[in-house]
Amino acid sequence: MITSYNEELLTILGEECAEVIQVLAKIERFGLDSCYPGTDKNNMQLLHQELADILAIVDLLKVEEFLDDHKLQNGKIYKRAKLRQFMKFKPKPLIIPEY
């Protein structure tokens, strides 16, 4: 059963994901160093801020035992393997390490 608190966290998580998508679109259109009008932060700074917001919500969901850290870690390992297999460009070995 989902609590009202966890439901609200999930809603906020969705909003934060949408904000990351928006920043990624701005990076693609205007570049990393472009500043959003009315702010002194460039797109790279905004990306860090928005990703940190997502990580903060994920941490709260783990504290609530809504998300399982072990399952998240296994999912990350699986995703890294898929990236190594299917990405067109290969990263530096330290970026996506073997597990």
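Note that residues are indexed from 1 along each chain, following the sequence as it is written. Per-residue local features of the predicted model are confined to residues with pLDDT of at least 70, and side-chain atom pairs are confined, for both listing and counting, to 80 or more; whole-chain, interface and lining totals are unaffected and use all residues. Only heavy atoms go into the side-chain values, all of them from the structure, while hydrogens and water stay out.

Participant: Quick question: what am I supposed to make of the packing of helix α1 (residues 4–30) against helix α2 (residues 43–63) here?
Facilitator: Packed helices, taken two at a time, are described by the angle their axes make and the gap between the axes. For the pair α1 and α2, interaxial distance at closest approach is 9 Å and the crossing angle is 160°. Taken together, the axis directions place α1 and α2 in an arrangement best described as roughly antiparallel. Crossing geometry of α1 relative to α2 is assigned as left-handed. Residues are grouped as follows: Ala, Val, Leu, Ile, Met, Phe, Trp, Tyr, Cys and Pro are nonpolar; Asp, Glu, Lys and Arg are charged; all remaining types, including Gly, are polar. Split into classes, the residues belonging to the contact of α1 with α2 amount to 19 nonpolar, two polar and five charged. Every axis in this analysis is a line fitted to C-alpha atoms, fitted for helices over the stretch in contact. Angles between the N-to-C directions lie between 0 and 180 degrees. Helix and strand labels come from DSSP, where a helix needs a run of H or I of at least four residues and a strand needs a run of E of at least two; each type is numbered from the N terminus. Any angle from 65 to 115 degrees is called roughly perpendicular, while one under 35 is roughly parallel, one over 145 is roughly antiparallel, and all others are oblique. Handedness of a crossing follows from how the near helix is turned relative to the far one, being left-handed for an anticlockwise turn of less than a right angle and right-handed for a clockwise one.

Participant: Mind showing me how you'd approach unusual backbone geometry here?
Facilitator: The general pattern is negative phi for most residues beyond glycine and trans for most peptide bonds. Here E65, not a glycine, exhibits a phi torsion of approximately 60°, which is positive. Relative to the elements of secondary structure, E65 occurs in the loop between α2 and α3 (69–86). Type-normalised accessible area, obtained with a 1.4 Å probe on protein chains alone, sets the label of each residue: buried when under 20%, exposed when over 50%, and partly exposed for intermediate values. Owing to a relative accessible area of 72%, E65 belongs among the exposed residues under this scheme.

Participant: Just to check I follow, could you spell out the nonpolar core for this structure?
Facilitator: Across soluble globular proteins, nonpolar side chains have a tendency to be buried as a group. Residues L9, L13, V20, V23, I27, L46, L47, I54, I57, V58 and L61 constitute the largest nonpolar core, which totals 11 residues. Contacts: residue pairs with any heavy atoms within 4.5 Å of one another. The residues touching I57, leaving out its near neighbours within four places in the chain, are L9, I12 and L13. As used here, the term nonpolar core means buried Ala, Val, Leu, Ile, Met, Phe, Trp, Tyr and Cys residues forming a set that is joined through side-chain atoms within 4.5 Å.

Participant: Any chance you could explain the side chain of N43 here in plain terms?
Facilitator: Within the secondary structure, N43 is located in helix α2. Setting aside chain neighbours within four positions, we find N43 in contact with V23, K26, I27, F30, G31, L32 and S34.

Participant: Would you mind showing me how to read α3 here?
Facilitator: Since the α-helix turns once every 3.6 residues, residues separated by three or four places project in the same direction. The length a helix should cover is 1.5 Å for every residue beyond the first. Spanning 18 residues, α3 covers 25 Å between terminal C-alpha atoms, matching the ideal 26 Å at 1.5 Å per step. We call two N or O atoms a polar contact when they sit within 3.5 Å, provided that within protein one can donate a hydrogen and the other can accept it, with sequence-adjacent residues counted only if both atoms are side-chain atoms. Capping the start of α3 is the job of one residue whose side-chain oxygen sits 2.8 Å from the backbone nitrogen of H70: D68.

Taken by themselves, the reported measurements are silent on function.
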